[in-house]
There are 2 protein chains.
Amino acid sequence: MTVFDVEQLLNDHGVKPTPQRAVITDYLVHTHSHPTADDVFAAVAEKLPVPLSRATVYNTLNILVEHKVVQEVHTEPGKTRYDANLSDHHHFVDSVSGEIIDVSLENISHMPVSLSKDFLDGKFELEGYQITFFGKKKN
Amino acid sequence: MTVFDVEQLLNDHGVKPTPQRAVITDYLVHTHSHPTADDVFAAVAEKLPVPLSRATVYNTLNILVEHKVVQEVHTEPGKTRYDANLSDHHHFVDSVSGEIIDVSLENISHMPVSLSKDFLDGKFELEGYQITFFGKKKN
DNA sequence: ATTCATGCAAAGCATTTGCACATAA
DNA sequence: TTATGTGCAAATGCTTTGCATGAAT
């Protein structure tokens, strides 16, 4: 994805592209590492010809989440991670390192999952679900 | 579950029962509200004849997690919630209020879920999974 | 005696906010 | 010029830590 495409992506989601936002989004779109805000800051700060503050990173990430360009992933206490994989997928979390690995739908049996009418019973409107697998990554 | 049973439960999991730990555990075992550490502190402080500090609540919750008496639930940024429902179950999160509702296995279709051999491929050892449904609770 | 739990206050992180400056339409 | 984005630093909120006291074995 080129810088132009990133600007397109931002425009498509109603986010005004700025140099900072473009570089942050570009980084997120090209990584599978589910970075934290600080990971993003560290990776992007050196790429930008202009200074970059943590506040801008946090602001940008929140805007990208609000506009559904990326999604938050919560697997560990105290850390919010970001995922720009826009395809329908789930996650495998290594219980030792905390590393998050994407799991595409074709790697999961017995999909899709749904809630019984008995549970929903006119009381809940189901919008989606997220499966977090956990286990150990072997060496 | 009586106080005696709570002490039994703690002993069974290798946690030395103290008054604070017993009352905290008792509270967790009897609620379905998935409380935060602060919720626990607020609910338990007034029940105890002795003073209770937040540090003790945090210490105790971490010990209970380590000894698998309760589990952490992460659905929102910046908040760790605790769940003493020891049965196999999943969660529904109200996307408006953040409220977490337990979903027992019989309320889910297409269970159990598993990962394909292709994904695991000798590289991952699957220990379990957690499904987080999200949507709106109707009034 | 020795070990371990507790309380308090201080410290630590991740994240948000207030405000001034810079930028773009 | 009007609105919006950015940077900096201060503030906030949740959680952990250090240390002294207190209880239990």
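Just so it is clear, the structure is predicted and the values come from calculations on it, not from any experiment.

### A word on the side chain of Arg 81 of chain B
Residues and elements named next belong to chain B.
1) Next: Take Arg 81: it is sitting in strand β2 (residues 81-83).
2) Next: Polar side-chain contacts of Arg 81 include one of 3.2 Å to the side chain of Glu 76.
3) Next: If we ignore the near neighbours within four places in the chain, the residues touching Arg 81 are Ser 33, His 34, Pro 35, Thr 36, Asp 39, Gln 71, Glu 72, Val 73, Glu 76 and Ile 100.

### Quick look at unusual backbone geometry
Across the chain, the bulk of peptide bonds are trans and the bulk of non-glycine residues have phi less than zero.
All names here are of chain A.
1) Next: Met 111 connects to Pro 112 through a cis peptide bond whose omega is -5°.
2) Next: For Pro 112, the location among the structural elements is in the loop between β5 (108-109) and β6 (114-115).
3) Next: The phi angle at Lys 68 is positive, at roughly 60°, despite the residue not being glycine.
4) Next: By the secondary structure assignment, Lys 68 is in the loop between α4 (54-66) and β1 (71-73).
5) Next: Judged by relative accessible area, which is 64%, Lys 68 ranks as exposed.
6) Next: Even without a glycine there, the phi angle at His 110 is positive, about 60°.
7) Next: Looking at the secondary structure, you find His 110 in the loop between β5 and β6.

### Regarding the protein's contact with DNA strand C
1) Next: DNA strand C sits among 16 residues. The nearest are Tyr 58 of chain A together with Thr 18, Pro 51, Ser 53 and Thr 56 of chain B.
2) Next: Sugar and phosphate atoms represent 83% of those atoms of DNA strand C found within 4 Å of the protein.
3) Next: Here a phosphate oxygen of DNA strand C sits 3.1 Å away from a polar atom, N or O, in the side chain of Arg 21 of chain B.
4) Next: Those elements that place two or more of their residues in the surface near DNA strand C are α4 of chain A together with α2 (19-30) and α4 (54-66) of chain B.
5) Next: The dominant element in the surface near DNA strand C, judged by the number of residues it contributes, is α4 of chain A, at four residues.
6) Next: Within the surface near DNA strand C, the residues separate by chemical class into six nonpolar, eight polar and two charged.

### Some thoughts on the interface of chain B and chain A
1) Next: Listed as interface residues are 39 residues of chain B and, on the opposing side, 39 residues of chain A.
2) Next: Linking chain B to chain A there are two salt bridges.
3) Next: For the salt bridge of Lys 136 of chain A with Glu 127 of chain B, the shortest nitrogen-to-oxygen distance reads 2.8 Å.
4) Next: The interface formed by chain B and chain A contains 19 residue pairs in polar contact (both at pLDDT 80 or more).
5) Next: When residues of the side of chain B that touches chain A are traced back to their parent elements, those giving at least two are β4 (100-104), β5 (108-109), β6 (114-115), α5 (117-120) and β7 (124-137) of chain B.
6) Next: Broken down by element, the residue count for the side of chain B that touches chain A peaks at 14 residues, all from β7 of chain B.
7) Next: Taken together, the residues of the side of chain B that touches chain A sort by class into 15 nonpolar, 14 polar and ten charged.
8) Next: With 13 bridges connecting them, strand β7 (residues 124-137) of chain A and β7 of chain B associate as antiparallel partners. Residue Gly 128 of chain A lies in a different strand from β7 of chain B, and its bridge partner there is Phe 134 of chain B.

Rules and cut-offs
Position numbers for residues start from 1 in each chain and track the written sequence from start to end. To read the labels, note that chains go from A and ligands from 1, taken in the order they are written. Reporting in this predicted model follows two pLDDT cut-offs: at least 70 for local features of residues, and 80 or more for side-chain atom pairs to be given and counted; totals over whole chains, interfaces and linings ignore these cut-offs and use all residues. Side-chain metrics rest on all non-hydrogen atoms present in the structure, leaving aside hydrogens and water. Counting from the N terminus, the helices are the DSSP runs of H or I reaching at least four residues and the strands are the DSSP runs of E reaching at least two. For the purposes of these results, a polar contact is taken to be a pair of N or O atoms within 3.5 Å, where, inside protein, one atom must be able to donate a hydrogen and its partner to accept one; residues adjacent in sequence count only when each atom of the pair is a side-chain atom. We call two residues in contact when some of their heavy atoms are within 4.5 Å. Remark: exposure states derive from per-residue accessible area (1.4 Å probe, protein chains only) relative to the maximum for the residue type, with buried under 20%, exposed over 50%, and partly exposed in between. Proximity criterion: a residue is near a molecule or strand once any of its heavy atoms comes within 4 Å of it. Under the scheme applied, nonpolar residues are Ala, Val, Leu, Ile, Met, Phe, Trp, Tyr, Cys and Pro; charged residues are Asp, Glu, Lys and Arg; polar residues are all the others, including Gly. Each reported salt bridge corresponds to a side-chain nitrogen of Lys or Arg within 4 Å of a carboxyl oxygen of Asp or Glu. Strands are labelled as partners when DSSP assigns at least two bridges between them.

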